[in-house]
Amino acid sequence: MVSLSGLYSILKELLQTRHLIKKNVLINCNIGAFPSKSFYCLLNFQPLRPFSQEKTAQVLEIVSTLTPCIQRGQSTNIFPSLSKRCYSKMVDNLKKVLESVAAINTVKQATITSTRENSSGKKDVGIEVQWSCFNLAASEYTYNLSNYIIQDGRIMSHHPAPISKNVLLRQTSNSGRVTACVVTSDKDKEKEHVMVMKTDGFMTTIDLKEIDKHGKVYTDEEFSCLEWSPDETTLVYVGEKKQPKPTSFFASFKEGSEDGRGQEFLYRNDWGEQMKGKHQSVVCFLNVNTKELSCHELPDNLCPAQMVWTADGTGVFGVAFESQPFRLGLVYCHNRVSKLFHMDLNGTFTVISEGLSNIRTPRVSPDGKKIAFLRSKVGGPHAKCSQLCLLSWPSKQEQIVVDVVEREKRIHDDHLFFGIYTFSGLPRRCWLKDSERLVISTISRSDIVSYVIHTTDGTIVEIPHIGSHMVTDVFDDYLLVNFSTLAHPNQILLASVPSKGQEICIEMNQVTPTRKIPNISSLEYSVWEFVNDTPHPNPKYSDTSISLLYYGPVSNTKGGPKRPLICWPHGGPHSSSVNSYSMAATFFVALGYSIVFVNYRGSVGFGQDGVDSLPGNCGLTDVDDVHKATLNCLKRFSEVLDESKVFLVGGSHGGFLVTHLAAQYPDFYKAVAARNAVVDISSMSALSDIPDWCFVESGFTYEHGKIPDGATLSKMLEISPINRIDNIKAPILLLVGKNDARVPPSQSLYFHRLLLARGVETKLHLYDDCHPLRKVEVEADCLIHIALWLGKHWNKATE
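What counts and how
- Residues numbered from 1 in each chain as written.
- Predicted model: local features only at pLDDT ≥ 70, side-chain atom pairs only at ≥ 80, totals over all residues.
- Heavy atoms only, no water.
- Helix = DSSP H or I, 4+ residues; strand = E, 2+ residues; numbered from the N terminus.
- Buried < 20%, exposed > 50% of the residue type's maximum accessible area, 1.4 Å probe, protein only.
- Contact = heavy atoms within 4.5 Å.
- Pairing = 2+ DSSP bridges.
- Axes fitted to C-alpha atoms, helices over the stretch in contact; angles between N-to-C directions.
- Salt bridge = Lys/Arg side-chain N within 4 Å of Asp/Glu carboxyl O.
- Parallel < 35°, antiparallel > 145°, perpendicular 65-115°, else oblique.
- Nonpolar A, V, L, I, M, F, W, Y, C, P; charged D, E, K, R; others polar.
- Phe/Tyr/Trp six-rings, centres within 6.5 Å; stacked < 30°, edge-to-face > 60°.

Caption draft 1: Layout of the side chain of His793. With respect to the helices and strands, the residue His793 is situated in helix α14 (residues 776-798). Classification of His793 as buried rests on a relative accessible area of 4%. Discounting chain neighbours no more than four positions away, the residues touching His793 are Phe647, Lys670, Ala671, Pro731 and Glu761.

Caption draft 2: Examining the pairing of strand β22 (residues 358-364) more closely. Where burial is concerned, most of β22 is hidden: seven out of the seven residues are buried. The turn linking β22 back onto strand β23 (residues 370-376) is made up of five residues, and Gly368 within it adopts a positive phi angle of 80 degrees.

Caption draft 3: Quick look at the sheet that holds strand β12 (residues 203-207). Across the sheet, four strands lie side by side as β9-β10-β11-β12; this open sheet has antiparallel pairing. Every other strand in the sheet has two partners, leaving β9 (167-172) and β12 as the edge strands with one partner each. Neighbour-to-neighbour, the strand axes of the sheet open up by a mean angle of 15 degrees, direction not taken into account. Examined bridge by bridge, strand β11 (residues 192-198) and β12 share five bridges and lie antiparallel to one another. From the neighbouring strand, Met197 faces β12, where its bridge partner is Met203.

Caption draft 4: Focus on the environment of Gly313. Within the element layout of this structure, Gly313 appears in the loop between β18 (303-309) and β19 (315-321). Taking the relative accessible area as the measure of exposure, Gly313 reaches 17% and is therefore buried. Apart from residues lying up to four places away in sequence, Gly313 is in contact with Pro230 and Leu345.

Caption draft 5: Structural context of the pattern of salt bridges. Inspection of every chain in the model, using the stated rule, returns 35 salt bridges. Residues Asp476 and Lys123 are paired through a salt bridge, measuring 2.6 Å at the closest nitrogen-oxygen approach. Pair noted here: Asp476 is in the loop between β31 (468-475) and β32 (478-485) and Lys123 is in strand β5 (residues 123-135), with a separation of 353 residues, a long-range link. Through salt bridges with shared partners, a single ionic network connects Arg407, Lys540, Asp543 and Asp609.

Caption draft 6: Structural view of the packing of helix α8 (residues 621-636) against helix α9 (residues 653-664). Two numbers describe how α8 lies on α9: the axes approach to 10 Å, and their chain directions differ by 75 degrees. Relative to α9, α8 is oriented roughly perpendicular. In contact with Asp622, Val623, Val626 and His627 of α8, α9 contributes His653, Phe656, Leu657, His660, Leu661 and Gln664. A class-by-class count of the residues in the contact of α8 with α9 yields five nonpolar, four polar and one charged.

Caption draft 7: Looking closely at the packing of aromatic side chains. Applying the stated criterion to the full structure yields 20 aromatic pairs. Consider the rings of Phe134 and Tyr141, whose centres lie 5.7 Å apart with planes at 75 degrees: the pair is edge-to-face. According to the relative accessible area criterion, Phe134 is buried, its value standing at 7%. Ring geometry for Phe588 against Tyr593: centres 6.1 Å apart, planes inclined by 75 degrees, an arrangement best described as edge-to-face. In this structure Phe588 comes out as buried when scored by relative accessible area, which is 0%. Judged by relative accessible area, Tyr593 falls into the buried class, the value being 0%. In this structure an aromatic cluster arises from ring pairing among Trp568, Phe587, Phe588, Tyr593, Phe597, Phe647 and Trp794.

Caption draft 8: Just the side chain of His342, in detail. Residue position: His342 is located in strand β20 (residues 338-344). Since its relative accessible area comes to 13%, His342 is described here as buried. What His342 contacts, discounting residues up to four positions off in sequence, is Thr310, Gly315, Val316, Phe317, Thr348, Phe349, Thr350, Ile352 and Trp393.

Next comes the structure, spelled out in C-alpha cells:
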C-alpha cells in the first residue's frame, strides 16, 4: 500500500494536471486565495483523462481504505502535515492580498495652502495633501504629506515627507506663514508641547506640562480645534480641566498644591466610547509670542468644543455641551444638547443661540458678520436630517437657510435634494469670498454630494459629480474635493467656483493622479434602488426606497465560475453605505467575492421620513429590507453570483442584522462574521454609553434615570437576535473589542456561549480595542480571520 506522502504526491500530480472530478465539479488547485484546498478533503473521485493505471489504482486503494475515516471537517486528522502546509499557504496568500490593498493610501486631509497671482495674470494654487497609510509592517497608521502647485493648468508635485506619529494636531494660518503643532514626547507620552514654525525658518516650542494649567489637549473630532487668531499671535484649543493628582489617603501632601488624597478610586463620568478620560473641557488661549496660557471653564458644567475666532480676533465662538445630570456617549451622536456661545479673551462667556437643540461646527463668514452652523433636534435617533442655520453678528438674529427635508426637495436645475446628513459637520473652511455663499457636503442616497448654498435666499446648487465628492477645503473661491468610488481610490480634485448663478458650470481638475486597484476594474460596481413589496407597519413609509451598492464584476464575459456574495449591511442604524473607496471591501473583492451593501429603511440620505421609519421596527423592516436586497442583487447578477454561497458580514447594528438574518433565514446564509454585534438590546440598555439608543430603536422615549419596566424590557428582548438563537444554523465568527463602551463585550461573550450550547460552530476573538476595531493590528487580524472563516465555509458549500 502506498504511504500517505506517496498519496499526497499522486494527488498533487493528478490535481495539478486537472485529472480529477469531485462530485462532478472540476477540481482546480489554484482557486481564489485557497490553493490546494481539495488535497485533503476528497471523498471520492474518478479519472477525468487517461492516466497511469498503476497510479490510479493506488489512489483508489488508499481512498477506499480511508473512506470511513474521511469526514467533512476532519481533514487534519487524515493529512496533518498537508493541512498545516495548506493553512500556511492560505495565510501567506491572504497576507499578500491585504498588503497589496493596504499599499493604496487614503486621504486624511487636504487643504489649500496659498493662492498667488502669477505673471500671466492667473493664480498659482498651493495644495497640501495628508495621506494615511495602513502600515502593516509597523502595526500602526502612518502619515505623510505631499505638496502640489497648480500653475497654468500644470501640476508640480514635491517629494512626500513623513509626519511624526507624535503630532496630535496641526494647523497652518490662513496666510500660510506660520504653522502650529501639538506634539507628544517620545520619552514621556504624558508630556505635550506646542511647536510653532514659520516660513523663515524660525521655530519655537512651548512646554504645556511645565506651564501646567490644564490636562491633556483634546484631539478627537467632537471637541478638538487648533485655530490661529487673525493676527497670528494666539492659538485657541480645547484641553481637559486640571484636576488634583488623585492619591491614597496615606500619601504625603505637599503644601500649596491641591489635595487629591482619597480620590485614587473615584469614578468620573466621561463622554463614553472613544472619549476615555474626557470629563470637563476648558477653553485654552496660548499667546505664542509671550508664551502666556489662559484657561477658562464654562459655568454649569458646560463643556466647550469646536472654537473658531471672530473676524476681529477679540474672541471666539464655540459649542458647549450639557453634561448634567450625566454624560451620554457623544461619538456618532448628534442628538445631545449643545449651545452656541461667544467668549472674549478674558473668558467672559455668553450663550448666543436659542432653544433646546444640538448645534455643531460654527463657521464665521469672511466679513465676520455671519456664523453658519448645523442644528438638529435633541433626542430620538442619533443621526437625522439637520438644519443649516445662520446667526448674524453682533445682532444675534437667527435664520434657517436650509430646513429639514421630509422626503425630497426640488432644487436648482431640477435636481432632487434630500436634506443635510453629515457626521463631520461643515468643512472647516466653507465660505466663499462674497460672504453670501458656502459649500457643504452631505450623504445623498448612495453618494456623498456637494452643494453651493446661497444664504440670502436658500438657493441650493448641486455640484456635478460621479461617485462621492467630499469637500475638504474652500479658500479664495477655490474648492478642494476628495473624490472616490467603491472601485476608484481617493483622488483630490480642484475647482474654481464661478460667480453667483453660474455654479452649475464648476469644472473639476485633478491634483493627485488617478490610481488603479490591482486586478479590479474601476467599472466593477453598480448602484440602484428598489421598493420593498412587503408593506411597512406604517403605510407612510412603505414606498421609501432601499438602495444597493454592488462591488464586483457586473458580467461573466470569460465564462468563469460564479462568485460567492457577501451581504454587508451598515451599522448605526441611522448611517449609510456610500459609493466611496473602502480598503476592507476591496480586500474581499480581490479574494474573489462580490459584495452588496444595503441602505435599508432607516438609513440617512433619504429624507427624514427614511430615518423615522425604523425606530420601533428594528429586527423587522431592516432585516426584511436587507434580505430582499440580497435576493434582488442575486437576480440582477445571476450570471456572476452563486446563490448557494451567500455570506454575512456586519458590525454594531450591522452585527444585529447579520445575526438576525442567520436566525430568520437559517438555510440561506452559509456563514457569518459579526463585529461588536448588538445581540440583546435589553441587557445593553443597562451597560452601554448610549442607553437612549436602546429605548429609541425599540420604539420608546428615553428619559434620564428612567427605569425600564417589564413590558419595555420584554419588547427589547423580543426584537433582539438572541431571542431567535435556536433557529441559527450558520457558523458564526464573533470579533469583539474588550474596551467597547458602546456595545458591551458581554453581549458577544454570552451569545458565543449560547451558540456553543446549541452545537452551532462558532469562534470568538477578543481584542484590546474599542467599538470600531480600527487599530491596524486588530483590523488586519479581523480581515484575515473573516477571510479564513468565509473561505472555510465557501469550501463546505462547494462540497
